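The primary structure of each chain is shown beneath.
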Amino acid sequence: MNEYELPIRPRRNRRTAAIRALVRETRLSPAQLIYPLFVHEDAKDTPLDSLPGQTRWGLDGLVTEAARANRLGIHAVVLFPKVPDGKKNPTGNEAFNPDGLIPRAIKAIKQAVPGLTVITDVALDPYNSDGHDGIVREGVIANDLTLGVLCQQAVMQARAGADIIAPSDMMDGRVGAIRDALDDDGHQDVAILSYTAKYASAFYGPFRGALDSAPKAGDKQTYQMDPANIREALREAMLDESEGADMLMVKPAGPYLDVIAGLRAATDLPLAAYQVSGEYLMIRAAAQSGWLDERAAVLESLTGIRRAGADMILTYFAAQAAEWL
Ligand code: PBG
């Protein structure tokens, strides 16, 4: 049978499941997954039309889902609020209301599941009547004016018990400003996970539908990055690191694996990647139509993101993947 004397046969290392497990280079575990959760003022939980399979939770439902995820081995959640129109204004003041939805959600989770790490988003878009991550002045996103509000938002979240503050707004200088504000308020131990390379992506559409947070005018291209650029991502990483970021993030994940690999090589900080709503829906919709094996496609997509260099992944599949793993 063996007619050829091939000197090298890579297939030997693939022969059995046991050998494949021995030589596997990338592993996926629930501890590397971060579960994004949506919360609203309503007491009842609402399945999301724009993000099938995900829910906008009332506070009780939120706590129950966070506890369930924790039992499955998930160590961290990130919270996103749906704010009623009546509480939105052009300066996004609700973002730092100490009695607002997010501080109540942080406290409820911390009380019920103290071991779970709570990550909070810093940006104005859910609170801003203009739907932008920063304050709009005469059609322009006002960078330095926004920083003050972001700092108040971050301090309020830290006071409520957030473990990690994740600025997703892409304003210049916000990591350094937030670090100073946290330290001045006594939160030296609260970490910053910076959305370092956040691209102006079409894949955020379903998320904005879930929170009713799409910009009222214009788009986010003057602050989120051009999908064509990677050197710029490295520059942002150097800045965030020098401003005191504890962890960096690339977002979206799947279409930006080269950016993940580039940042992995450029920094020693832990690196996160966000498999965003559109990436989730592409797999989910294809699976629902019977065109893809959902379990296999999800685990492969997450493995690919890890292989590119991400230490942790934010994904709407977190709880489901943890169950599979
Ligand atoms: C807002 C924010 C967005 C996402 C996370 N934080 C949307 C945006 O920038 O417009 C998107 C997440 C997703 O699509 O899953 N600061």
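The structure contained in this document is the topic of the report that follows. (Residues numbered from 1 in each chain as written. Predicted model: local features only at pLDDT ≥ 70, side-chain atom pairs only at ≥ 80, totals over all residues. Heavy atoms only, no water.)

Assigned secondary structure in the protein chain consists of 11 helices and 12 strands. A globule of 325 residues ought to have a C-alpha radius of gyration of about 20 Å, and the protein chain, at 21 Å, matches this closely. With respect to the three principal axes, the spread of C-alpha positions in the protein chain is 75 × 45 × 40 Å. For the protein chain, the residues scored as buried account for 54% of the 325 residues in total. Of all intrachain contacts in the protein chain linking residues separated by at least 6 positions in sequence, the fraction that spans at least 24 positions is 74%. About 14800 Å² of surface is accessible on the protein chain, with carbon and sulfur atoms providing 51% of the total. Here the protein chain carries 34 positive and 43 negative side-chain charges, and the mean point of each set is 8 Å from the other. (Helix = DSSP H or I, 4+ residues; strand = E, 2+ residues; numbered from the N terminus. Rg over C-alpha atoms; globule rule 2.2 N^0.38 Å. Buried < 20%, exposed > 50% of the residue type's maximum accessible area, 1.4 Å probe, protein only. Contact = heavy atoms within 4.5 Å. Areas by Shrake-Rupley, 256 points an atom, 1.4 Å probe, with all protein chains shown as cover. Lys, Arg positive; Asp, Glu negative; His and termini not counted. Charge placed at Lys NZ, Arg CZ, Asp CG, Glu CD.)

Following the criterion strictly, the structure yields nine aromatic pairs and no others. When the ring of Phe38 is compared with that of Phe80, the centres are 6.1 Å apart and the planes differ by 35°; the resulting orientation is tilted. Within this pair, whereas Phe38 is found in strand S1 (residues 33-40), its partner Phe80 is found in strand S4 (residues 76-82), the two being separated by 42 residues in sequence. Relative to Tyr316, the ring of Phe38 lies with its centre 5.9 Å away and its plane at 5°, an arrangement referred to as stacked. Here Phe38, found in strand S1, pairs with Tyr316, found in the loop between strand S12 (312-315) and helix H11 (318-324); they are 278 residues apart in sequence, far enough to count as distant. Of the two residues, Phe38 and Tyr316, neither departs from the other in class, the shared state being buried. Members of the aromatic cluster, connected to one another through ring pairs, are Phe38, Phe80, Tyr195, Phe207, Tyr274, Tyr280, Tyr316 and Phe317. Seen from the ring of Phe207, Lys251 lies directly overhead, with NZ or CZ sitting 6.0 Å from the centre. (Phe/Tyr/Trp six-rings, centres within 6.5 Å; stacked < 30°, edge-to-face > 60°. Lys NZ or Arg CZ within 6 Å of the ring centre and 35° of its normal.)

Taken together, 18 residues are adjacent to the ligand, and Lys198, Arg208, Lys220, Lys251 and Tyr316 come closest. Between Asp133 and the ligand, the recorded distance is 3.1 Å, taken from a side-chain N or O atom to a nitrogen atom. One nitrogen or oxygen atom from the side chain of Gln224 is found 2.8 Å from an oxygen atom belonging to the ligand. Contact with the protein chains hides 100% of the accessible area of the ligand, taken as 400 Å² for the molecule alone. Class assignment for the residues of the shell around the ligand results in eight nonpolar, three polar and seven charged. (Near = heavy atom within 4 Å. Polar contact = N/O pair within 3.5 Å; in protein donor to acceptor, adjacent residues only side chain to side chain. Nonpolar A, V, L, I, M, F, W, Y, C, P; charged D, E, K, R; others polar.)

Counting residues in hydrophobic clusters, the biggest one holds 105 residues, and the most contacted among them are Phe38, Leu79, Ile109, Ile178, Leu182, Ile260 and Tyr274. Counting residues per element, this core draws most heavily on helix H4 (residues 143-160), which supplies eight residues. Non-local contacts of Tyr274, meaning those with residues more than four positions away in its chain, are made with Pro36, Phe80, Tyr195, Phe207, Met249, Val250, Lys251, Pro252, Ala253, Glu279, Leu314 and Tyr316. (Core = buried A, V, L, I, M, F, W, Y, C linked by side-chain atoms within 4.5 Å.)

All right, on to the pattern of salt bridges then. Scanning all chains against the criterion turns up 17 salt bridges. Across the pair Asp85 and Lys88 runs a salt bridge whose closest N-O atoms are separated by 4.0 Å. Owing to a relative accessible area of 57%, Asp85 belongs among the exposed residues under this scheme. What makes Lys88 buried here is its relative accessible area of 11%. (Salt bridge = Lys/Arg side-chain N within 4 Å of Asp/Glu carboxyl O.)

Our next topic: the pairing of strand S5 (residues 117-122). Every regular strand shows the same layout, with side chains that alternate between the two sheet faces. Of all the six residues making up S5, five are buried; the element is thus mostly covered by neighbouring parts of the structure. Bridge analysis of S4 against S5 gives four bridges, and the strand direction is parallel. By the bridge assignment, Val78 is partnered in S5 with Ile119. With four bridges connecting them, S5 and strand S8 (residues 164-167) associate as parallel partners. Its bridge partner being in S8, Val122 is matched across the sheet by Pro167. (Pairing = 2+ DSSP bridges.)

For the pair helix H8 (residues 257-266) and helix H10 (residues 294-308), the least separation of the axes is 8 Å and the interaxial angle reads 35°. On H10, the residues touching Leu257, Ile260, Ala261 and Arg264 of H8 are Gly304, Ile305, Arg307 and Ala308. Split by residue class, the contact of H8 with H10 holds five nonpolar, one polar and two charged. (Axes fitted to C-alpha atoms, helices over the stretch in contact; angles between N-to-C directions.)

Before going further, it helps to spend a moment on the side chain of Gln157. Relative to the elements of secondary structure, Gln157 occurs in helix H4. On the basis of relative accessibility, which here comes to 1%, the residue Gln157 falls in the buried class. A distance of 2.8 Å separates a polar atom in the side chain of Gln157 from a polar atom in the side chain of Thr120. Aside from chain neighbours lying at most four places away, what touches Gln157 is Ile102, Ile106, Thr120, Asp121, Val122, Ala162 and Ile165.

Take H10 next. Turn by turn, an α-helix covers 3.6 residues, leaving residues three or four places apart pointing in a common direction. With 15 residues, H10 extends 21 Å from end C-alpha to end C-alpha; this agrees with the ideal 21 Å at 1.5 Å per step. Considered for burial, the residues of H10 that qualify are Glu294, Ala297, Val298, Leu299, Ser301, Leu302, Gly304, Ile305, Arg306 and Ala308. Structurally, the start of H10 carries an N-cap: the backbone nitrogen of Arg295 is 3.2 Å from a side-chain oxygen of Asp293. Of the residues trailing H10, Gly309 is marked for its positive phi of about 130°. (Expected span 1.5 Å × (residues − 1).)

Honestly, it's all geometry; don't read function into it.
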